[in-house]
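The residues making up each chain are set out below.
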Amino acid sequence: MSKVDWDAVYDQQAPRLYNFLRYRTGNSETAKDLTAQVMLKAWRHRASYQDEIGTFTTWLFQIARNAAVDHYRKQKHSPLPLYDVHQHASDFSLETEVQKLLDADKLYCLLQKLPERDQEIIALKYGADMTNRDIAEVLKLTESNVGTILHRTIKTLRSQWEMTYARTK
């Protein structure tokens, strides 16, 4: 195992892990808790990381994926809606903020209807800001397959968004 700079890992990967887990759970507090659990588990099991098998990021996100699965196994109810939209005080408008919350909730509901693999790809792409190549490595798919799935998933989400939005007008 190569030497890992844990301060750098935390600075670089914790925000990506948090965003991935927020996409997966739809809840900021849960994502914070799971991020801490993932970092702690990675630290405790650091000796098991083998750089010849895959990148450190891949190993870390495998732990995060497992933590999300474990979280859902423990839950008996649906996850809470995604209500932690960033607010900008200088441009604050109650109407705009309410619409953002409604849109975030609607998007989260649409994401929950996707197959598990598609949800993970969206979370890794937009939550963890990973490249298709990195996603392919984490999910053991080809880069081309990730791109195709991502394209189809976005197309499906857009279509369902338009159908949902048209019904609410």
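Keep in mind that this is a model prediction, so the values were computed, not measured.

Some thoughts on the environment of Gln119
If you trace the backbone, Gln119 turns up in helix α5 (residues 116–127). Judged by its relative accessible area of 10%, Gln119 is buried. Along the chain, Gln119 and Thr153 lie 34 residues apart, while their C-alpha atoms are 8.8 Å from each other.

Things to note about the nonpolar core
Core analysis: the largest hydrophobic core is formed by 37 residues, its most contacted members being Phe20, Val38, Leu60, Phe61 and Leu124. Of all the elements in the fold, those that place two or more residues in this core are α1 (6–25), α2 (28–44), α3 (56–74), α4 (94–112), α5, α6 (132–139) and α7 (143–168). The element best represented in this core is α3, accounting for eight residues. When residues no more than four places from it in sequence are discounted, the contact partners of Phe61 are Gln13, Arg16, Leu17, Phe20, Leu124, Ala128, Met130 and Val138.

What to know about the packing of aromatic side chains
Taken as a whole and assessed by the stated rule, the structure comprises four aromatic pairs. Where Phe20 meets Phe61, the ring centres are 5.8 Å apart and the plane angle is 80°; that geometry is what we call edge-to-face. Of this pair, Phe20 sits in helix α1 while Phe61 sits in helix α3, placing them 41 residues apart in sequence. Between Tyr49 and Trp59 the ring centres are 5.5 Å apart and the planes differ by 50°, which places this aromatic pair in the tilted class. Residue Tyr49 is located in the loop between α2 and α3, and its partner Trp59 is located in helix α3; the two are separated by ten residues in the primary sequence. Classification of Tyr49 as buried rests on a relative accessible area of 5%. Take Trp59: its relative accessible area is 17%, and that puts it in the buried class. Through pairs of rings, three or more aromatic residues link up here, namely Tyr49, Phe56 and Trp59.

Describing the side chain of Thr25
Position of Thr25 among the secondary structure elements: in helix α1. A relative accessible area of 2% places Thr25 in the buried class. At a separation of 3.3 Å, a polar atom in the side chain of Thr25 contacts the main-chain carbonyl oxygen of Asn27.

Considerations on the pattern of salt bridges
Scanning all chains against the criterion turns up six salt bridges. The partner of Glu120 in a salt bridge is Arg65, and the shortest N-O contact between them spans 2.8 Å. Of this pair, Glu120 sits in helix α5 while Arg65 sits in helix α3, placing them 55 residues apart in sequence. Neither residue differs from the other here; Glu120 and Arg65 are each classed as buried. With its nearest N and O atoms 3.4 Å apart, the salt bridge here joins Arg73 to Asp70. Here Arg73 and its partner Asp70 are both found in helix α3, three residues apart, which amounts to about one turn of the helix. Here Arg73 falls in the exposed class, since its relative accessible area comes to 62%.

Analysis parameters
Residues numbered from 1 in each chain as written. Predicted model: local features only at pLDDT ≥ 70, side-chain atom pairs only at ≥ 80, totals over all residues. Heavy atoms only, no water. Helix = DSSP H or I, 4+ residues; strand = E, 2+ residues; numbered from the N terminus. Buried < 20%, exposed > 50% of the residue type's maximum accessible area, 1.4 Å probe, protein only. Core = buried A, V, L, I, M, F, W, Y, C linked by side-chain atoms within 4.5 Å. Contact = heavy atoms within 4.5 Å. Phe/Tyr/Trp six-rings, centres within 6.5 Å; stacked < 30°, edge-to-face > 60°. Polar contact = N/O pair within 3.5 Å; in protein donor to acceptor, adjacent residues only side chain to side chain. Salt bridge = Lys/Arg side-chain N within 4 Å of Asp/Glu carboxyl O.

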